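Coordinates in review
Chain by chain, the residues:
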Amino acid sequence: QKEVEQDPGPLSVPEGAIVSLNCTYSNSAFQYFMWYRQYSRKGPELLMYTYSSGNKEDGRFTAQVDKSSKYISLFIRDSQPSDSATYLCAMSPSNTGNQFYFGTGTSLTVIP
Amino acid sequence: EPEVTQTPSHQVTQMGQEVILRCVPISNHLYFYWYRQILGQKVEFLVSFYNNEISEKSEIFDDQFSVERPDGSNFTLKIRSTKLEDSAMYFCASTIDGNQPQHFGDGTRLSIL
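Residues numbered from 1 in each chain as written. Chains lettered and ligands numbered in written order. Predicted model: local features only at pLDDT ≥ 70, side-chain atom pairs only at ≥ 80, totals over all residues. Heavy atoms only, no water.

Each partner contributes to the interface: chain B provides 19 residues, whereas chain A provides 20 residues. Between chain B and chain A, a total of about 1800 Å² is buried, with carbon and sulfur atoms accounting for 50% of that surface. Counting the contacts that link chain B with chain A gives 1 salt bridge. Here K42 of chain A makes a salt bridge to D106 of chain B, at a shortest N to O gap of 3.3 Å. (Contact = heavy atoms within 4.5 Å. Buried area = accessible area lost by both parts, 1.4 Å probe. Salt bridge = Lys/Arg side-chain N within 4 Å of Asp/Glu carboxyl O.)

Pasting the structure below:
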């Protein structure tokens, strides 16, 4: 049973579109949820960090966590060509320095 | 903004040779990690390190792997006898404490010939 599932895409949208990226997970112990952005030949860059269920907004980015459905989402409003990257979800069961469990990543291209 | 730095960016090694990958975590961080990403696959956890000892490791992190914090700034991953399947991107990460998310370096691409 895979811990974290993420549609790899690729996803291609026009500039200005709203993008929705999603992950599902199986382990109900996950409490901390992250979204990372990864450009080609670079390391994952933290975008959003949420604890438990609910929404968190930061500029054009909104992260949602629905623990009852074991489903997390990242929304990008007014998408820009510079948003073109691979988006990784990651999650962790606790705040004691545990390992992160990653999705496979979704490749996003925003077309000017 | 402080960064996690990794060297070298690309390492080419003959199968069976030892390799050491180096990382300088963010200076006030206390938890350190190594992950790897085989081309086209997920980022996979290898090991976490806190208070000068391994706190958690995955099944991948077998006897061929070791980690060390030889001084106050460096954090290294050693693979004793490399195999072809060790070819991957290796990422170092660090965090100030368990409440904060991990910050990643740009990785070392390890190619085993």
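Here the narrative resumes, following the displayed structure.
Our next topic: the state of the cysteines. In this structure the tally under the stated criterion is 2 disulfides over all chains. Disulfide pairing places C23 of chain A opposite C89 of chain A at an S-S distance of 2.0 Å. Sign of the S-S torsion, about -100° for the bond between C23 of chain A and C89 of chain A, identifies this disulfide as left-handed. Here C23 of chain A, found in strand β3 (residues 19–25), pairs with C89 of chain A, found in strand β9 (residues 85–92); they are 66 residues apart in sequence, far enough to count as distant. Of the two residues examined, C23 of chain A and C89 of chain A, each falls in the buried class. The disulfide partner of C23 of chain B is C92 of chain B, and the S-S distance across this bridge is 2.0 Å. Taking the torsion about the sulfur-sulfur bond, which here is approximately -65°, the covalent link between C23 of chain B and C92 of chain B counts as left-handed. Placement of the pair is C23 of chain B in strand β3 (residues 19–24) and C92 of chain B in strand β9 (residues 88–95), with a sequence separation of 69 residues. An identical accessibility class is assigned to C23 of chain B and C92 of chain B; each is buried. (Disulfide = S-S within 2.5 Å. Helix = DSSP H or I, 4+ residues; strand = E, 2+ residues; numbered from the N terminus. Buried < 20%, exposed > 50% of the residue type's maximum accessible area, 1.4 Å probe, protein only.)

With that out of the way, let us pick up the sheet that holds strand β8 (residues 71–76) of chain A. Residues and elements named next belong to chain A. Across the sheet, which stays open at both edges, the 5 strands sit in the order β1-β3-β8-β7-β6 with antiparallel pairing between neighbours. The open sheet has two free edges, formed respectively by β1 (4–6) and β6 (54–58), since each of these has just one partner strand. Neighbour to neighbour, the strand axes of the sheet diverge by 15° on average, direction disregarded. In the sheet, β1 pairs with β3 via 3 bridges, with the strands oriented antiparallel. Across the sheet, Q6 pairs through a bridge with C23, a residue of β3. (Pairing = 2+ DSSP bridges. Axes fitted to C-alpha atoms, helices over the stretch in contact; angles between N-to-C directions.)

Within the element layout of this structure, Q38 of chain A appears in strand β4 (residues 32–38). Side-chain polar atoms of Q38 of chain A contact the backbone oxygen of K42 of chain A, separated by 3.1 Å. When near neighbours in sequence (up to four residues on either side) are disregarded, Q38 of chain A contacts G43, P44, A85, T86 and L88 of chain A together with Q37 and F91 of chain B. (Polar contact = N/O pair within 3.5 Å; in protein donor to acceptor, adjacent residues only side chain to side chain.)

Bridging between β6 of chain A and strand β7 (residues 61–66) of chain A involves 5 bridges; their strand directions are antiparallel. Of the residues in β7 of chain A, the one forming a bridge with D58 of chain A is F61 of chain A.

Attention now moves to the environment of R37 of chain A. Residue and element names in this part refer to chain A. Relative to the helices and strands, R37 resides in strand β4. For the pair R37 and E3, spaced 34 residues apart in sequence, the C-alpha to C-alpha distance is 20 Å. Those residues in contact with R37, other than ones at most four positions away along the chain, are G43, P44, E45, L47, F61, D83, A85, T86 and Y87. Looking at R37, its side chain comes within polar contact range of the side chain of Y39, at 3.4 Å.

Residues and elements named next belong to chain B. Counting buried residues along β9, 8 of its 8 residues qualify, which places the element largely inside the surrounding structure. Here β9 shows no split at all, with A88, Y90, C92 and S94 on one side and M89, F91, A93 and T95 on the other all buried. Pairing geometry for β9 and strand β11 (residues 108–112), over 3 bridges, is antiparallel. Paired with M89 across the strands is R109, a residue of β11. With 2 bridges connecting them, β9 and strand β10 (residues 103–104) associate as antiparallel partners. Looking across to β10, one finds that A93 is bridged to F104.

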